[in-house]
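Fold and contact review
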Amino acid sequence: MKTSFPRQDIKVLLLEGVSRTAVEVFERAGYSQIEYHAKSLPEDELKARVADAHIIGIRSRTHLTAEVLEHAKRLIAVGCYCIGTNQVELTAAARLGVPVFNAPYSNTRSVAELVIAEAIMLLRGIPQKNALCHRGGWTKSASGSFEVRDKVLGIIGYGHIGTQVGVLAESLGMRVIFHDIETKLSLGNARAAGNLDDLLERADVVTLHVPETPATKLMFGKNELDRMRKGSLLINASRGTVVDIDALADALRKEHLGGAAIDVFPVEPKGNDDPFVSPLIGMDNVILTPHIGGSTLEAQDNIGIEVASKLVRYSDNGSTLSAVNFPEVALPEHPRSRRLLHIHRNVPGVLSRINELFSAGNINIDAQFLQTNADVGYVVIDVSADEQQAASLKDKLAAIPGTLRTRVLY
Ligand SMILES: NC(=O)c1ccc[n+]([C@@H]2O[C@H](COP(=O)([O-])OP(=O)(O)OC[C@H]3O[C@@H](n4cnc5c(N)ncnc54)[C@H](O)[C@@H]3O)[C@@H](O)[C@H]2O)c1
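Rules behind the numbers
- Residues numbered from 1 in each chain as written.
- Predicted model: local features only at pLDDT ≥ 70, side-chain atom pairs only at ≥ 80, totals over all residues.
- Heavy atoms only, no water.
- Phe/Tyr/Trp six-rings, centres within 6.5 Å; stacked < 30°, edge-to-face > 60°.
- Helix = DSSP H or I, 4+ residues; strand = E, 2+ residues; numbered from the N terminus.
- Buried < 20%, exposed > 50% of the residue type's maximum accessible area, 1.4 Å probe, protein only.
- Axes fitted to C-alpha atoms, helices over the stretch in contact; angles between N-to-C directions.
- Parallel < 35°, antiparallel > 145°, perpendicular 65-115°, else oblique.
- Left-handed = near helix turned anticlockwise from the far one by under 90°.
- Contact = heavy atoms within 4.5 Å.
- Nonpolar A, V, L, I, M, F, W, Y, C, P; charged D, E, K, R; others polar.
- Patch = residues over 30% accessible without salt bridge, like charges linked within 9 Å, V, L, I, M, F, W, Y side chains within 5 Å.
- Areas by Shrake-Rupley, 256 points an atom, 1.4 Å probe, with all protein chains shown as cover.
- Salt bridge = Lys/Arg side-chain N within 4 Å of Asp/Glu carboxyl O.
- Lys, Arg positive; Asp, Glu negative; His and termini not counted.
- Charge placed at Lys NZ, Arg CZ, Asp CG, Glu CD.
- Pairing = 2+ DSSP bridges.
- Near = heavy atom within 4 Å.
- Polar contact = N/O pair within 3.5 Å; in protein donor to acceptor, adjacent residues only side chain to side chain.
- Expected span 1.5 Å × (residues − 1).
- Right-handed = clockwise from strand over helix to strand, strands pointing away.
- Core = buried A, V, L, I, M, F, W, Y, C linked by side-chain atoms within 4.5 Å.

Taken as a whole and judged by the stated rule, the model has four aromatic pairs. Ring centres 3.7 Å apart and planes at 5° place the aromatic pair Tyr158 and Phe178 in the stacked group. Residue Tyr158 is located in the loop between strand S6 (152-156) and helix H7 (160-171), and its partner Phe178 is located in strand S7 (residues 175-179); the two are separated by 20 residues in the primary sequence. For the pair Tyr158 and Phe178, a shared accessibility class is recorded, and that class is buried.

Next up, the structure:
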């Protein structure tokens, strides 16, 4: 729920040792009640601690289930100091009017730097030479060792990370081509490949930066590996499900590929003590890292700042911009319009608050529940107001917990 109470009255509970930069953001904003825990809490203690918290900040190990959220009677917002948000029951939070924020892009640079480092290491054959020396071996040779300059880097998924990788690679003299399902503007001298096959046939190094979706699951299998140039290199720091790991192991064993760097795996250990199992273990030309693409101290600091800033903004003015379960309501720029307003029908009082708002503003609307599915309902609104009224209406509607996006009908 949007708050209007003073910042010093807001209690912030930060768990799992989120970056201290988050604490600094809250302190600078005048928050004085900040409880900081370096670790996650056992469930019983968690339920007790959340009881009087207005804002809860977590990372990936604290599970905010519907039951835990019910204990947080004063909760106004949750911050996930990470990218994933599936440790929070998002619909339960939305039902309670609690937006959940995260930091999807604070570690873009860190992932891109890892990929560049790996491209250099693979091209120089460092993993093999490193392994050899560790075994007490010594073979001084230029064989299998290349400069990055003038090599072709093929980027699959030219989004936040993909573009950053491209810019860094060009600064080293690489030639960048990319493939994306969307039409993308190219940065620098990067060029869109004709299609995926074209990219695979031209690239010396292929790097994957697509999201995990049903369409990208196993999108990189035997067929795609076979199309890569003999001796070329594959980097995956996107999601483990994107690559058929057995087909990759096979392509490496057959020496069709010259090497690979893999940061993400189809099945990853759940904790630091779980064993890591992979068909790639023991291959000297493969760099294996434990999903650390985004794990740098700088990225953690950026995440601390990004999420804390979103939480402060929300508690100041109710802006749910970029909340993962509670998108901003964009309403109505034009004073005369008919709109379909999506609402979370289970948020208590949402419909009556919308009605109250319109009747108080003396605005001609027709709000009716049209249709419902599990959680979302639709209301048609005929707005006929002056511009000032329309602008204030937009802010007020956005502040009602449970209102979601609108679609303009005219
Ligand atoms: N290794 C790590 O620690 C780490 C850290 C952060 C992000 N990631 C992963 O990196 C990936 C990319 O992140 P991002 O922030 O750049 O995402 P993004 O959404 O900015 O970019 C993804 C791009 O992939 C494109 N795309 C989607 N499906 C595609 C397909 N089938 N073929 C080609 N292109 C396709 C999209 O159009 C988009 O341009 C994600 O999988 C994310 O989970 C990994």
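Direction vectors running N to C along helix H5 (residues 108-124) and H7 enclose 50°, while the axes themselves pass 9 Å from each other. Between H5 and H7, the crossing angle belongs to the class labelled oblique. For the pair H5 and H7, the crossing hand works out as right-handed. Contacts between H5 and H7 involve Thr108, Arg109, Val111, Ala112, Glu113, Val115 and Ile116 from the former and His160, Ile161, Gln164, Val165, Leu168 and Ala169 from the latter. The residue makeup of the contact of H5 with H7, split by class, is eight nonpolar, three polar and two charged.

For the rest of this paragraph, the subject is a negative patch on the surface. There is a patch of like negative charges on the surface, built from Glu24, Glu27, Glu298 and Asp301. Those elements giving two or more residues to the negative patch turn out to be helix H1 (20-28) and helix H11 (297-317). The residue Glu298 is located in helix H11 in this model.

All right, on to the sheet that holds strand S1 (residues 11-14) then. Across the sheet, five strands lie side by side as S2-S1-S3-S4-S5; this open sheet has parallel pairing. Because the sheet does not close on itself, it has two edges, and the strands there are strand S2 (33-36) and strand S5 (100-101). Of the strand pairs in this sheet, S1 and S2 are connected by four bridges, and their pairing is parallel. In the strand pairing of S2, Leu14 is matched with Tyr36. Contacts from H1 reach S1, S2 and strand S3 (55-58) within the one sheet, and its direction differs from that of S2 by about 170°.

Around the ligand sit 26 residues, and of these His160, Ile161, Asp180, Lys184 and Val210 come closest. Between an oxygen atom of the ligand and a side-chain N or O atom of Arg239, the distance comes to 3.2 Å. With the chains in place, 86% of the 860 Å² that the ligand exposes on its own is no longer accessible. For the shell around the ligand, the residue count by class is 10 nonpolar, 11 polar and five charged.

A pair of packed helices can be characterised by two numbers: the angle between their axes and the separation between those axes. With their axes 5 Å apart at the nearest point, H5 and helix H6 (residues 126-134) run at an angle of 65° to one another. Compared by their axis directions, H5 and H6 come out roughly perpendicular. Every residue of H6 that contacts H5 at Met121, Leu122 and Arg124 is listed here: Ile126, Pro127 and Lys129. Classifying every residue of the contact of H5 with H6 gives four nonpolar, no polar and two charged.

With that settled, the discussion passes to the sheet that holds strand S12 (residues 286-288). Spatially, seven strands are ordered S8-S7-S6-S9-S10-S11-S12 in an open sheet, and the strand pairing comes out parallel. Where the open sheet ends on each side, the last strands, each with one partner, are strand S8 (191-192) and S12.

A word on H7. For an α-helix, 3.6 residues make a turn, and residues three or four places apart therefore share a direction. For H7, with 12 residues, the first-to-last C-alpha span of 17 Å sits near the 16 Å given by 1.5 Å per residue. Burial in H7 covers these residues: Gly162, Thr163, Val165, Gly166, Leu168 and Ala169. At its buried positions, H7 is contacted by H5, S6, S7 and strand S9 (205-208).

This next bit is on the pairing of S7. Note that S6 and S7 share five bridges and pair parallel. From the neighbouring strand, Val152 faces S7, where its bridge partner is Arg175. At this point the chain moves from S6, through H7, to the parallel S7, and the crossover so formed is right-handed. One ladder, built from two bridges, connects S7 with S8; its direction is parallel.

Counting 31 residues, the largest nonpolar core has Ile156, Val206, Phe220, Leu225, Leu234, Leu248 and Leu280 as its most contacted members. Secondary-structure elements contributing two or more residues to this core are S6, helix H8 (196-202), S9, helix H10 (245-253) and strand S11 (259-262). When residues in this core are grouped by element, the largest group, six residues, is from H10. Filtering out sequence-adjacent residues up to four positions away, Val206 remains in contact with Gly154, Ile156, Leu199, Leu200, Phe220, Met228, Leu233, Leu234 and Ile235. Counting 25 residues, the second-largest nonpolar core is a separate cluster that includes Ile10, Ala103, Ile303 and Val312.

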